[in-house]
Amino acid sequence: MLGDTTFGDTAGGDRPGRRALILVENLSVPFDRRVWQECTTLRDAGWEVHVICPRGEKRDTEPEAEIDGVRIHRYPLRAATGGPAGYLREYATALWHTLRLARKVGPVDVVHACNPPDLLFLPALWLKRRGARFVFDQHDLVPELYLSRFDRGEDLLYRAVCALERRTYRAADIVLATNESYRDVAVRRGGRRPEDVFVVRSAPATDRFQPVPPEPELKRGKPHLLCYLGVMGPQDGVDYALRALAKLRDECGRTDWHAVFVGAGDAFDAMVELSRRLGLSEQVQFTGRIPDADLVRHLSTADVCLSPDPRNPLNDVSTMNKVLEYMAMGRPIVSFDLREARVSAGDAALYAPANDEAEFARLIALLLDDPQLRDRMGRTGQERISGQLSWRNSQASLLAAYAAACSDRTPVQAGGQARTGKRQRS
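Residues numbered from 1 in each chain as written. Predicted model: local features only at pLDDT ≥ 70, side-chain atom pairs only at ≥ 80, totals over all residues. Heavy atoms only, no water.

The name recorded for the chain in an unreviewed UniProt entry is Glycosyltransferase family 4 protein, from Streptomyces monticola.

Right, dumping it as structure tokens:
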């Protein structure tokens, strides 16, 4: 177990003046929980932490904020809608603002870029030429994300995103991978040395996910509550979950449940319409994004939680945050049989064959009929989250990565020229 003094020594936090700049495009901060946990870990290790990210729509709306000692610089950004052209417009805007704000922050020891997209290596290179080391935090495999989201095959844009990923790997000094599958990609496809790739798993913030007494009224008069938590995009499988619930009703003869889908995304409206077409409107509730307290109330009341991500090139090798959050709350899970889902959940989930909606429905029914199994699976999940999958282990890996990045560097001077050891060529 690492103590606080060890964190400072490991990450170079005992040397004054260490500055890190974290670049995020996909979510605002601190709403992006993984990024926020990284920020606070670095802060506690003695780093001065800056973040550049987009503004949120309903939260994280201030252009400048200092929260718990972390300095956040936000820019306005309209999320893409439609096809790839919309994403190109979004990313061009984000890059311009990121470069503008990076100039304002000034010299840093580490620039830490979180994908997607795999375009943040461009401002990272600009900072690297000024003495920073570049840590690439790979949240998603963008080529696999492209294949899974757009169903366009390996076309010209696919080849372009592959080229951007290669360029990002090449520019990075250190790579952070969210699991061993991503680490293997960084080594095999990215050509990175194994010693330069650190696994920093996402893990729920345990202070956020503390069970509270269940509230039976959330079940809307039914004996059981089913819960989905997460993003609702084309690759997230909410449509699979809804069709499985229709089979639970029609093929398993079960109407003793109410289901709540918590979250938002660009497929949200389509999923509400699909629920209506399947005749599920009376039994399925869509909440959109809700405050943490309401989220915890629903998860504390849920009998079974759903992880319906279908098998595709991205999902099979990705760690799903919702699975970890279900486990932190002690909830049993039904999932499709994906490689990294098994690594995360182990015996805290039951696994239907990939994309088999009828079996997914049957496993839900099995759990509804077996409260002892539900309790046992829930305890297993909590034990895994507090043990091998705890954020404490990821903190140690993150700080080891920063120590490796800065092993030959003297801290920069904020507001002045960087004082470096050897200057890296990009």
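Q: Quick question: what am I supposed to make of unusual backbone geometry here?
A: Excluding glycine, a negative phi dihedral is what most residues carry, and trans is how most peptide bonds are arranged. Of note, the amide linkage connecting Asn-115 to Pro-116 takes the cis form, showing an omega dihedral of 0°. Along the polypeptide, Pro-116 turns up in the loop between strand E5 (110–114) and helix H4 (121–128). Here the bond from Pro-116 into Pro-117 is cis, since omega is 5°, no more than 30 degrees from zero. As for its position among the elements, Pro-117 is in the loop between E5 and H4. One non-glycine residue with positive phi stands out, namely Asp-60, at about 55°. Take Asp-60: it is sitting in the loop between strand E2 (48–54) and strand E3 (64–67). Accessibility expressed as a relative area gives 10% for Asp-60, which makes it buried. Look at Asp-68: it is not a glycine, yet its phi comes out positive at around 50°. (Helix = DSSP H or I, 4+ residues; strand = E, 2+ residues; numbered from the N terminus. Buried < 20%, exposed > 50% of the residue type's maximum accessible area, 1.4 Å probe, protein only.)

Q: How should I be thinking about the sheet that holds strand E6 (residues 133–138) in this particular structure?
A: Hydrogen bonds between backbone atoms are what pair the strands of a sheet, whose relative direction is either parallel or antiparallel. Pairing within the open sheet is mixed, and its eight strands lie in the order E3-E4-E2-E1-E5-E6-E7-E8. Lying at the two open borders of the sheet, with one neighbouring strand each, are E3 and strand E8 (197–199). Within the sheet, the average angular offset between the axes of one strand and its neighbour, ignoring direction, is 20°. Across five bridges, the pairing between E5 and E6 is parallel. The residue bridging Cys-114 from the neighbouring strand is Asp-137, located in E6. H4 contacts strand E1 (19–24), E5 and E6 of the sheet and is inclined by roughly 160° relative to E6. Strands E6 and strand E7 (174–177) of the sheet are contacted by helix H6 (residues 156–171), whose axis makes an angle of about 135° with E6. (Pairing = 2+ DSSP bridges. Axes fitted to C-alpha atoms, helices over the stretch in contact; angles between N-to-C directions. Contact = heavy atoms within 4.5 Å.)

Q: So what exactly am I meant to see when it comes to empty space enclosed by the protein here?
A: Gaps between atoms show up when a probe of the same size as a water molecule is rolled over them. Within the structure shown, the criterion is met by one cavity of 30 Å³ or more. For the largest cavity, the full set of lining residues is Ala-113, Cys-114, Asn-115, Pro-117, Asp-118, Leu-119, Leu-120, Phe-121, Phe-134, Phe-136 and Thr-168. A class-by-class count of the residues in the lining of the largest cavity yields eight nonpolar, two polar and one charged. (1 Å grid on protein atoms, 1.4 Å probe; cavity = no way out; pocket = protein on both sides within 12 Å on 5 of 7 lines; lining within 4 Å. Points joined across faces, edges and corners; volume = space filled by probe spheres on them. Nonpolar A, V, L, I, M, F, W, Y, C, P; charged D, E, K, R; others polar.)

Q: Could you clarify how one ought to interpret helix H14 (residues 371–386) in this entry?
A: Residues spaced three or four apart along an α-helix point in a common direction, a consequence of the helix completing one turn every 3.6 residues. Along its 16 residues, H14 runs 23 Å from first to last C-alpha, staying within 8% of the 22 Å computed at 1.5 Å per residue. All of the buried residues along H14 are Leu-373, Arg-374, Met-377, Gly-378, Gly-381, Arg-384 and Ile-385. Down the axis of H14, the sector holding all buried residues measures 135°, keeping them to one side. H14 presents Gln-372, Glu-383 and Ser-386 as exposed residues on the side facing more than 90 degrees away from its buried surface. (Expected span 1.5 Å × (residues − 1). Arc of directions from axis to C-beta.)

Q: How do you make sense of the state of the cysteines when you look at a structure like this?
A: Simply put, the disulfide is a covalent bond whose two ends are the sulfur atoms of two cysteines. Across all of its chains, the model carries zero disulfides by this definition. Counting only cysteine sulfurs, Cys-39 is the nearest neighbor of Cys-406, a cysteine outside any disulfide, at a range of 16 Å. Residue Cys-406 is classed as buried on the basis of its relative accessible area, which comes to 2%. (Disulfide = S-S within 2.5 Å.)

Q: How should I be thinking about the packing of helix H5 (residues 142–150) against H6 in this particular structure?
A: Between two packed helices, both the angle of their axes relative to each other and the distance between the axes serve to describe the pair. Across the interface, H5 lies against H6 with an axial gap of 8 Å and an inter-helix angle of 160°. The angle between H5 and H6 places the two elements in the roughly antiparallel class. As H5 runs across H6, the sense of the crossing is right-handed. Contacts from Val-142, Pro-143, Tyr-146 and Leu-147 in H5 reach Leu-157, Tyr-158, Val-161, Cys-162 and Glu-165 in H6. When its residues are assigned to classes, the contact of H5 with H6 shows eight nonpolar, no polar and one charged. (Parallel < 35°, antiparallel > 145°, perpendicular 65-115°, else oblique. Left-handed = near helix turned anticlockwise from the far one by under 90°.)

Q: Please clarify how the nonpolar core should be interpreted in this entry.
A: What tends to happen in soluble globular proteins is that the nonpolar side chains get buried as a cluster. Core analysis: the largest hydrophobic core is formed by 63 residues, its most contacted members being Leu-245 and Phe-261. Here the element with the most residues in this core is helix H8 (residues 238–250); it accounts for eight residues. One finds Leu-95, Leu-145, Ala-177 and Tyr-182 within the second-largest nonpolar core, a separate group that totals 38 residues. (Core = buried A, V, L, I, M, F, W, Y, C linked by side-chain atoms within 4.5 Å.)

Q: Can you walk me through the environment of Arg-379 in this structure?
A: In this fold, Arg-379 is placed in helix H14. A C-alpha to C-alpha distance of 8.1 Å links Arg-379 and Arg-331, two positions 48 residues apart in sequence.

Q: Before we go on, may I ask you to explain the pattern of salt bridges in this structure?
A: Pairing of side chains with opposite charge becomes possible as their charged atoms draw close. Here the structure, examined in full by the defined rule, presents 37 salt bridges. One salt bridge connects Arg-43 with Asp-44, and the closest N-O pair in it is separated by 2.9 Å. With relative accessibility at 27%, the residue Arg-43 sits in the partly exposed group. Exposure remark for Asp-44: the relative accessible area of 47% places this residue in the partly exposed category. As a salt-bridge pair, Arg-208 and Asp-292 come within 3.1 Å of each other at their nearest N and O atoms. (Salt bridge = Lys/Arg side-chain N within 4 Å of Asp/Glu carboxyl O.)

Q: How should the packing of aromatic side chains be read in this particular structure?
A: Two measures describe an aromatic ring pair: the distance that separates the ring centres and the angle between the ring planes. If you walk through the whole model with that rule in mind, you get nine aromatic pairs. Here Trp-47 and Tyr-402 contribute two aromatic rings whose centre-to-centre distance is 5.0 Å and whose plane-to-plane angle is 90°, an arrangement assigned as edge-to-face. You can see Trp-47 sitting in the loop between helix H2 (33–44) and E2 and its partner Tyr-402 sitting in helix H15 (residues 391–405), a full 355 residues away along the chain. Of the two residues, Trp-47 and Tyr-402, both sit in the buried class. (Phe/Tyr/Trp six-rings, centres within 6.5 Å; stacked < 30°, edge-to-face > 60°.)

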